[in-house]
Amino acid sequence: QVQLVESGGGLVQAGGSLRLSCAASGSIFSINVMGWYRQAPGKQRELVTHITSDGSTYYVDSVKGRFAISRDNTKNTVYLEMNSLRPEDTAVYYCHADGIRGGFIRRTEDWWGQGTQVTVSS
């Protein structure tokens, strides 16, 4: 019912920048936290960053100072600005959100996007 769709992934040279976006659609009452995870082949999925509805942010140490997360609540969209990209940033990036689905039942749910590939060449 609720769908997250990522876009903006691709191939970029080391030191370059890329901007990801994720739009939530469907029957949504509200969204609390939105964030980004990533997973490289053979590695565990890790939380990269998230942002709360009031703007509080978290970043994993490896991306601090390079990545920036933002959101547009009117569009139910979250963005990830990635700068000074490194080959080790190569991974599938997944959008994630906690929110309340529209309808009679009001409870927090977890929603995931299908992922978008980010490849950083050296």
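Here we summarise the structure given alongside this text. (Residues numbered from 1 in each chain as written. Predicted model: local features only at pLDDT ≥ 70, side-chain atom pairs only at ≥ 80, totals over all residues. Heavy atoms only, no water.)

Enumeration according to the criterion identifies 6 salt bridges in this entry. Glu 46 is the partner of Arg 38 in a salt bridge, and the nearest nitrogen-oxygen pair spans 2.7 Å. Note on Arg 38: relative accessible area 7%, which makes it buried. A salt bridge links Glu 109 to Arg 101; the shortest N-O distance between them is 3.1 Å. Taking the relative accessible area as the measure of exposure, Glu 109 reaches 17% and is therefore buried. Judged by relative accessible area, Arg 101 falls into the partly exposed class, the value being 26%. Within the structure, one salt-bridge network assembled from shared partners comprises Arg 38, Glu 46, Arg 66 and Asp 89. (Salt bridge = Lys/Arg side-chain N within 4 Å of Asp/Glu carboxyl O. Buried < 20%, exposed > 50% of the residue type's maximum accessible area, 1.4 Å probe, protein only.)

A few words on the environment of Glu 46. Relative to the helices and strands, Glu 46 resides in strand β5 (residues 46-51). Along the primary structure Glu 46 and Arg 19 are separated by 27 residues, whereas in three dimensions their C-alpha atoms are 19 Å apart. In this structure Glu 46 touches Trp 36, Tyr 37, Arg 38 and Val 60, once residues within four positions along its chain are discounted. (Helix = DSSP H or I, 4+ residues; strand = E, 2+ residues; numbered from the N terminus. Contact = heavy atoms within 4.5 Å.)

Formally, a disulfide is one covalent bond, and it connects the sulfur atom of one cysteine to the sulfur atom of another. Applying the stated criterion to the full structure yields 1 disulfide. The disulfide partner of Cys 22 is Cys 95, and the S-S distance across this bridge is 2.0 Å. Torsion about the S-S bond of the Cys 22 and Cys 95 cystine: about -85 degrees, corresponding to left-handed handedness. Residue Cys 22 is located in strand β3 (residues 18-25), and its partner Cys 95 is located in strand β9 (residues 91-101); the two are separated by 73 residues in the primary sequence. Cys 95 matches Cys 22 in its accessibility class, with the two residues each being buried. (Disulfide = S-S within 2.5 Å.)

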